[in-house]
Amino acid sequence: MRTNQRTSLASAVVLALSGIAGTAAAQTDKKDDDKTLEVIEVTAQKRVQSINDTAIAISAVSGDDITNRGDSSYDAAIKGTPSVKVQGIAQGAQVFIRGVGSQIDPAFADPAVATLIDGVYTGRTESVQAGTFDISRIEVLRGPQGTLYGRNASGGSMNVITRDPVLGDVEGYVTAQLGNFSMKRLEGALNLPVGDDFAIRVAGYKSSRDGYLSDGSMEDDSSALRVKALYVPSDETRVLLKYEKSTYEGNAANTVPVEGWEGNLTFPPFLAAFAPDGWVTDNPDDPWTNDKYHQPGLNKRDSVTYSLQASQDFDWATVNVIAAYSNHENSEKTSHLFGITDPDIFLACGSSDCYDDNTGNADYKTVEVRLDSPASSDVVWMVGGYFLKSQGDVGGDGQELTLGDAIYTYNQAFAPSETKAIFGQMTYPLSDTLRLTGGLRFSNDTRENSYELYDPEGVQLETDSQTTEDDSVTWKAGIEYDVSDDQLFYAHIASGFKQGGVNTTVPVTDFDPEELISYEAGMKNTLLDNHLQANFAVFYYDYMDYQVPTLQNIPVGDTGEISTFPVVLNAGDSSIYGAEATFDWIVSDAGRLKVSMSYLNTEYGETELPVNPFIDGGPYQLEGREMVNAPELTAMLGYEHSWYLDSGSLIAGITMNYSSDYMTSIEFYVPGARQESFTRTDASIRYESDSDWTLGLWVRNIEDEAQTTYVFPAYRRFVTSPRTFGLNFTYRY
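Parameters at a glance
- Residues numbered from 1 in each chain as written.
- Predicted model: local features only at pLDDT ≥ 70, side-chain atom pairs only at ≥ 80, totals over all residues.
- Heavy atoms only, no water.
- Helix = DSSP H or I, 4+ residues; strand = E, 2+ residues; numbered from the N terminus.
- Rg over C-alpha atoms; globule rule 2.2 N^0.38 Å.
- Buried < 20%, exposed > 50% of the residue type's maximum accessible area, 1.4 Å probe, protein only.
- Contact = heavy atoms within 4.5 Å.
- Lys, Arg positive; Asp, Glu negative; His and termini not counted.
- Charge placed at Lys NZ, Arg CZ, Asp CG, Glu CD.
- Pairing = 2+ DSSP bridges.
- 1 Å grid on protein atoms, 1.4 Å probe; cavity = no way out; pocket = protein on both sides within 12 Å on 5 of 7 lines; lining within 4 Å.
- Points joined across faces, edges and corners; volume = space filled by probe spheres on them.
- Nonpolar A, V, L, I, M, F, W, Y, C, P; charged D, E, K, R; others polar.
- Core = buried A, V, L, I, M, F, W, Y, C linked by side-chain atoms within 4.5 Å.
- Salt bridge = Lys/Arg side-chain N within 4 Å of Asp/Glu carboxyl O.
- Polar contact = N/O pair within 3.5 Å; in protein donor to acceptor, adjacent residues only side chain to side chain.
- Phe/Tyr/Trp six-rings, centres within 6.5 Å; stacked < 30°, edge-to-face > 60°.
- Lys NZ or Arg CZ within 6 Å of the ring centre and 35° of its normal.
- Axes fitted to C-alpha atoms, helices over the stretch in contact; angles between N-to-C directions.
- Patch = residues over 30% accessible without salt bridge, like charges linked within 9 Å, V, L, I, M, F, W, Y side chains within 5 Å.
- Areas by Shrake-Rupley, 256 points an atom, 1.4 Å probe, with all protein chains shown as cover.
- Disulfide = S-S within 2.5 Å.

### Some thoughts on the overall build of the protein chain
Right, so step 1: Secondary structure assignment for the protein chain yields 6 helices and 43 strands.
Right, so step 2: Computed over the C-alpha atoms, the radius of gyration of the protein chain is 26 Å, within 12% of the 27 Å expected from 2.2 N^0.38 for a compact globule of 733 residues.
Right, so step 3: When its C-alpha atoms are laid out on the principal axes, the protein chain stretches across 80 × 60 × 50 Å.
Right, so step 4: Looking at the protein chain as a whole, 55% of its 733 residues are labelled buried.
Right, so step 5: A sequence separation of at least 24 residues applies to 66% of the contacts in the protein chain between residues at least 6 apart.
Right, so step 6: Computing the positive centroid from 51 side-chain charges and the negative centroid from 106, the protein chain places the two 6 Å apart.

And the structure:
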């Protein structure tokens, strides 16, 4: 049924695209004025700059591009960005930039790539898959951002900037979207001015889509609402308030079989008894078809954010304040690895009704106060302070540990984690063309875990707590040189830091923070009278104490018994080096070509992976092996062409992304861990009328091929979505 739906809808889209293109071909092209590349303004360095004057490797995706391509989440929007890999996991997604990322459960350690939404940090991986609506742009910063963004930005950052209210104008839009898998999405925004100095902007969306796995998993039923209020009583004062709430509920992420499982489901031993048929599916040639033992689970997510941004200009500086509170609640009832063949589930009821209900809640409170140099200053500087307090709850009370023939009770709790920091950065001109940049950040990070262990009679056997405290200094030193008015050379050395933490073992143990030192040089070139932008970067990373997640069978306190715990280890000194090139070329008044290429060489330091209790073998040595989610070669080729008609424009585009093979798991010995090289092609066509409406068609993953995003033991994996396509209609007022 699902395959037939994909085929019939694909045929309809192809016919529609052909018809529109044929109509356009019959028109006489109207020559537009000489088109040049638009100036993109970004705030990557916490001040407004042209993207080509920003002396770091950065890419930006506009909100309009996201809509035109049919992307509806942050992770989908950035997948074509140079040197970026997005790994889908059970709870959202993890972003890897230049091979730097994290595979650790977000309940125990924050990501290595920071996600900031309107300047506010969130460590929740669910946020990476949040729905996009009323977006101004998404900025992806490559390389460590430790000075300005602090801990957990050692790989870089993804900065989401939503649209602010506009003074004096009543405006807005409505976008309706229909697609295969019964996808329906409605998005809109309304901007309302109140007097001359106050405006409110309300935006939201509602989306539903059937699951793209045969069992109904990976479905979407989500919605969100955002309200922003802007008050500008004078040219010097600006206050912005935001409220945002989002919710998701549906069949959770699920795994599908890895090829080659036949005859190999021999470990753990219970598989042969509880899954006598193995991972048999109705259509083994369809990677999105599941077996009967992996029944869909349920997932529910709710989040709410309140934030305040205020700025006051003085002759000598601008005072900026950002304060925010966010709450994230996640409930997941799944079994990705063994499904109903898990002995506890099989013996209890043999259905998904007996899946464990795992909760993961988190609160974030953040405040940043910053002094920025005035716009007229030749010396660009900023100093500031930052405070973050996060409280995580992984549903740790009442866990059952089967030790021998008895069931023990295990309670665990995470005390609030705190970060305190002061930072500063300055860019000083030595001449009209040469500038020096230096920055420092001093941080203090704490994290605590405690536990209680009770025997079957309810008698407390052990209790303990463990606190980790990390003092860190991150820094940056660099030069900027204007080769000409249209060419910028930069070089810098910068450091990054990822917080350490505690393992939920009995007794608790800790793991060290990660540290990274980056050496990078690049050129940004605006050429051919602003028709071509050509950017280049080379880099080398010294990567220390890389955090390696594992599963281990280890002793449980003084009970004399052994149980399985997730444990984070630290790797020996690792290294990464590579190069990037991006080109954006207005080849004619009607054509635009985009090309990017990335090369990566990565290598783990000395690290021994202990025996995984679900793998019959080990231990294994990581030293010298390539790092996870770090393909040696990636490339993107995109072309967009416009036909100028009497009443509007017809615009067609196609983008192909290529990736060489790479590892999807640190546990390289797990069957299916290597994702083979692939191409992924997306296309779109839209008509933009002169009367404020747009009609578009889009298709993603034309090849209709699945890629592995994460692999488990016992021949299980997460995969990317199949071919999707749909229609957008937008009306602006």
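Further notes follow.
### Description of the sheet that holds strand 41 (residues 708–712)
Right, so step 1: Read from one edge of the open sheet, 3 strands run 15-42-41, paired in antiparallel fashion. The sheet terminates laterally at strand 15 (256–257) and strand 41, the two strands that pair on one side only.
Right, so step 2: As defined by bridge partners, strand 41 adjoins strand 42 (residues 716–719) across 4 bridges and the pair is classed as antiparallel. Opposite Tyr710, over in strand 42, you have Phe718 as the bridge partner.

### Focus: empty space enclosed by the protein
Summary: where empty space remains is shown by rolling a probe the size of a single water molecule over the atoms.
Right, so step 1: A complete count under the given rule lists 5 cavities of 30 Å³ or more for this structure.
Right, so step 2: In this model, the largest cavity occupies a volume close to 130 Å³.
Right, so step 3: Listing elements by their share of the lining of the largest cavity, those giving two or more residues are helix 4 (146–149), strand 24 (487–498) and strand 27 (514–527).
Right, so step 4: Examining the composition of the lining of the largest cavity, we find that 4 residues originate from one element, helix 4, more than from any other.
Right, so step 5: Here the lining of the largest cavity is built from residues that sort into 5 nonpolar, 8 polar and 3 charged.
Right, so step 6: Approximately 60 Å³ is the volume attributed to the second largest cavity.
Right, so step 7: In terms of lining, the second largest cavity is formed by 13 residues, of which the most central are Gln94, Pro111, Val113, Thr115 and Val128.
Right, so step 8: Those elements that place two or more of their residues in the lining of the second largest cavity are strand 5 (92–97), strand 6 (113–117) and strand 7 (120–122).

### Some points on the nonpolar core
Right, so step 1: Ranked by internal contacts, the top residues of the largest apolar core, which has 55 residues, are Trp279, Tyr546, Ile576 and Ile666.
Right, so step 2: Contributions of two or more residues to this core are made by helix 5 (270–274), strand 28 (532–544), strand 41 and strand 42.
Right, so step 3: Discounting chain neighbours no more than four positions away, the residues touching Trp279 are Pro257, Trp261, Leu265, Leu271, Asp291, Tyr293, His294, Thr341, Ala714, Tyr715 and Arg716.
Right, so step 4: Counting residues in hydrophobic clusters, the runner-up holds 19 residues, among them Leu116, Ala362, Tyr386 and Leu388.

### Side note on the pattern of salt bridges
Right, so step 1: Tallied over the entire structure, the rule returns 35 salt bridges.
Right, so step 2: For Glu520, the salt bridge goes to Arg98, with nearest N and O atoms at 2.9 Å. Separated by 422 residues along the polypeptide, Glu520 in strand 27 and Arg98 in the loop between strand 5 and strand 6 bring together distant segments of the chain.
Right, so step 3: Arg98 gets classed as buried once you look at its relative accessible area, which sits at 0%.

### Overview of the side chain of Asn728
Right, so step 1: Turning to its location among the elements, Asn728 is positioned in strand 43 (residues 724–732).
Right, so step 2: Separated by 2.7 Å, the side chains of Asn728 and Gln177 make a polar contact.
Right, so step 3: Those residues in contact with Asn728 that lie beyond four places of it in its chain are Thr67, Asn68, Gly70, Ala176, Gln177, Thr694, Leu695, Gly696 and Trp698.

### Considerations on unusual backbone geometry
Right, so step 1: A cis geometry characterises the amide bond from Phe267 onward to Pro268, with omega recorded as 0°.
Right, so step 2: Mapped onto the fold, Pro268 is located in the loop between strand 15 and helix 5.
Right, so step 3: Cis peptide bonds are those with omega within 30 degrees of zero, and the linkage from Val506 to Pro507 qualifies with -5°.
Right, so step 4: Positioned with a positive phi, Asp545 is a non-glycine residue whose angle comes to about 60°.
Right, so step 5: With respect to the helices and strands, Asp545 occurs in the loop between strand 28 and strand 29 (547–555).
Right, so step 6: Looking at Asp545, the relative accessible area reads 26%, which means it is partly exposed.
Right, so step 7: Within the chain, Tyr715 stands out as a residue other than glycine whose phi angle is a positive 60°.

### Quick notes on the packing of aromatic side chains
Right, so step 1: Per the stated rule, a full pass over the model turns up 24 aromatic pairs.
Right, so step 2: Taking 5.0 Å as the distance between ring centres and 80° as the angle between the ring planes, the aromatic pair formed by Phe270 and Phe338 counts as edge-to-face. Placement of the pair is Phe270 in helix 5 and Phe338 in the loop between strand 17 (318–333) and helix 6 (343–348), with a sequence separation of 68 residues. Comparing Phe270 with Phe338, the two get one shared label, buried.
Right, so step 3: Plain terms: the ring middles of Tyr620 and Phe668 are 6.0 Å apart, the flat faces sit at 80° to each other, and that makes the pair edge-to-face. Taken together, the positions of Tyr620 in strand 34 (residues 620–621) and Phe668 in the loop between strand 37 (662–663) and strand 38 (674–675) put the pair 48 residues apart, joining distant regions of the chain.
Right, so step 4: The exposure class of Tyr620 is partly exposed, given its relative accessible area of 24%.
Right, so step 5: Chaining the aromatic ring pairs together yields one cluster made of Phe270, Phe274, Phe338, Phe346 and Phe614.
Right, so step 6: One Lys or Arg, Arg98, reaches over the ring of Phe539 and ends 3.9 Å from the middle of that ring.
Right, so step 7: Here the basic side chain of Arg185 rests over the ring of Tyr205, its NZ or CZ set 4.3 Å away from the ring centre.

### Digging into the sheet that holds strand 9 (residues 156–162)
Right, so step 1: In spatial order, the strands read 3-8-9-6-7; together these 5 strands make up an open sheet with mixed pairing. Strand pairing shows two members of the sheet lacking a second neighbour, strand 3 (57–62) and strand 7, which therefore form its edges. Here the strands of the sheet are splayed against their neighbours by 25° on average, with no regard to which way each runs.
Right, so step 2: Pairing of strand 8 (residues 135–142) with strand 9, which is carried by 7 bridges, proceeds in the antiparallel orientation. Among the inter-strand pairings, Glu139 is bridged to a residue of strand 9, identified as Asn159.

### Some remarks on the environment of Arg209
Right, so step 1: Tracing the backbone through its elements, the reader meets Arg209 in strand 12 (residues 198–209).
Right, so step 2: Taking the C-alpha atoms as reference, Arg209 lies 38 Å from Thr602; in sequence the two are 393 residues apart.
Right, so step 3: In this structure, Arg209 is in contact with Asn180, Phe181, Ser182, Met183, Met218, Glu219 and Asp220, ignoring residues within four places of it in sequence.

### Some points on a nonpolar patch on the surface
Right, so step 1: Taken together, the side chains of Val170, Val174, Leu186, Leu190, Leu192, Leu695, Leu727, Phe729, Tyr731 and Tyr733 make up a nonpolar region of the molecular surface, amounting to roughly 840 Å² of accessible area.
Right, so step 2: Locating Leu192 in the fold gives a position in strand 11 (residues 183–194).

### As for the side chain of Ser307
Right, so step 1: Along the chain, Ser307 turns up in strand 16 (residues 298–313).
Right, so step 2: When its relative accessible area of 9% is taken as the criterion, Ser307 is described as buried.
Right, so step 3: Non-local contacts of Ser307, meaning those with residues more than four positions away in its chain, are made with Val120, Leu240, Leu241, Lys242, Ala323 and Ala324.

### Details of a negative patch on the surface
Right, so step 1: On the surface, a cluster of negative charge is contributed by Asp34, Asp485, Asp486 and Asp529.
Right, so step 2: Among the secondary structure elements, Asp34 is positioned in the loop between helix 1 (2–25) and strand 1 (41–42).
Right, so step 3: Judged by its relative accessible area of 55%, Asp34 falls in the exposed class.

### Re the state of the cysteines
Right, so step 1: As enumerated under the stated definition, the model contains 1 disulfide in all.
Right, so step 2: The disulfide partner of Cys349 is Cys354, and the S-S distance across this bridge is 2.1 Å.
Right, so step 3: The exposure class of Cys354 is partly exposed, given its relative accessible area of 24%.

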